[in-house]
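# Descriptive analysis of the structure
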Amino acid sequence: MRFHNIYVIIALVLLTTTAFAFEPLFEANIDYRTGDDPTSVFAIDLDGDGDNDLAVANESTDNVSVLLNNGDGTFQAAVNYGTGDSPISVFAIDLDGDDDNDLIVANWVSEDVSVLLNNGDGTFQEAVNYGAGDEPRSVCAADLDGDGDNDLAVANHDYVLQRQYISPSK
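Report follows, based on the coordinates. Small disclaimer: the values here were computed from a predicted structure and weren't measured.

Let us look at the overall build of the protein chain. Summing up its helical and strand segments, the protein chain has 0 helices and 15 strands in all. Each of the 170 residues in the protein chain was classed as buried or not, and the buried ones make up 44%. Of the contacts formed within the protein chain by residues at least 6 apart in sequence, a portion of 36% connects residues at least 24 apart. Of the roughly 9,100 Å² of accessible surface on the protein chain, a fraction of 52% belongs to carbon and sulfur atoms.

Here we take up the packing of aromatic side chains. For the structure shown, the criterion picks out 3 aromatic pairs. Judged by centre distance (4.8 Å) and plane angle (55°), the ring pair of Phe 42 and Phe 91 falls under tilted. In this pair, Phe 42 is assigned in strand E5 (residues 38–44) and Phe 91 in strand E9 (residues 87–93), connecting sequence segments 49 residues apart. The exposure class of Phe 91 is buried, given its relative accessible area of 17%. Seen from their ring centres, Tyr 81 and Phe 124 are 5.4 Å apart, and the 75° between their planes marks the pair as edge-to-face. With Tyr 81 in strand E8 (residues 79–82) and Phe 124 in the loop between strand E11 (112–116) and strand E12 (128–131), this residue pair connects regions lying 43 residues apart in the sequence. Neither residue differs from the other here; Tyr 81 and Phe 124 are each classed as buried. Taking the ring centre of Trp 108 as reference, the NZ or CZ of Arg 137 above it sits at 5.1 Å.

Looking now at the sheet that holds E5. With antiparallel pairing, the 4 strands of this open sheet are ordered in space as E5-E6-E7-E8. Looking at strand neighbours, the two that pair on one side only are E5 and E8, the edges of this open sheet. Looking at each pair of strands side by side, their axes are set apart by 25° on average, direction ignored. Sheet topology places E5 next to strand E6 (residues 53–58); 6 bridges connect them, and they run antiparallel.

Before going further, it helps to spend a moment on the sheet that holds E11. If you trace the 4 strands from one edge of the open sheet to the other, you get E9-E10-E11-E12, paired in antiparallel fashion. In this open sheet, the two strands that pair with only one neighbour each are E9 and E12. Within the sheet, the average angular offset between the axes of one strand and its neighbour, ignoring direction, is 25°.

Here Asp 100 is to be found in the loop between E9 and strand E10 (102–107). Looking at Asp 100, the relative accessible area reads 11%, which means it is buried. Setting aside anything within four residues of it in sequence, one finds Asp 100 in contact with Ile 93, Asp 94, Asn 118, Asn 119 and Gly 120.

What follows covers the pairing of E9. Here E9 lies mainly inside the structure; 7 of its 7 residues are buried. Across 6 bridges, E9 lies against E10 in antiparallel orientation. For Ser 89, the partnering residue across the bridge sits in E10 and is Ala 106.

Definitions and limits used
- Residues numbered from 1 in each chain as written.
- Predicted model: local features only at pLDDT ≥ 70, side-chain atom pairs only at ≥ 80, totals over all residues.
- Heavy atoms only, no water.
- Helix = DSSP H or I, 4+ residues; strand = E, 2+ residues; numbered from the N terminus.
- Buried < 20%, exposed > 50% of the residue type's maximum accessible area, 1.4 Å probe, protein only.
- Contact = heavy atoms within 4.5 Å.
- Areas by Shrake-Rupley, 256 points an atom, 1.4 Å probe, with all protein chains shown as cover.
- Phe/Tyr/Trp six-rings, centres within 6.5 Å; stacked < 30°, edge-to-face > 60°.
- Lys NZ or Arg CZ within 6 Å of the ring centre and 35° of its normal.
- Pairing = 2+ DSSP bridges.
- Axes fitted to C-alpha atoms, helices over the stretch in contact; angles between N-to-C directions.

Dropping the structure here:
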């Protein structure tokens with residue numbers, strides 16, 4: 001078991017442009033606390049209000065942080081949801097066909113993928129873990145076989161790309 005006394009903060013930097021700008025201009029960053037050792041961040045609408053929220057994989061704390069957008073580019077405090085051991089990559093897409101975005105997390109030490117189904121309001125059910133081979137490092141999802149549901153693609157440490165058919169019950 002590993003113990004860390006590391007406090008990690010992600011920084012958000014907003015891009016601002018004008019019609020005549022040749023270089024992107026950024027506003028000052030705003031720091032938001034997440035779990036320890038954030039390794040991946042994904043932006044997508046999680047609570048159904050039309051703005052992009054954030055999901056962050058936190059490797060050392062075995063959870064994913066969800067930061068809901070206030071609608072003005074600022075975020076609420078992180079809410080953490082448990083995952084497998086050492087989450088290293090997070091992705092979001094509708095997996096169960098209910099028109100909200102669910103979370104998929106690659107956990108490299110427990111060698112599985114956690115699926116967290118969205119309750120429709122940006123809160124999530126307990127993770128269900130699926131075996132994913134040797135040290136999964138990255139995960140994404142799309143309808144890879146044209147059958148109308150989203151499949152998972154997992155990149156593993158042993159140079160294998162897996163395509164998994166995970167259909168959570170509706």
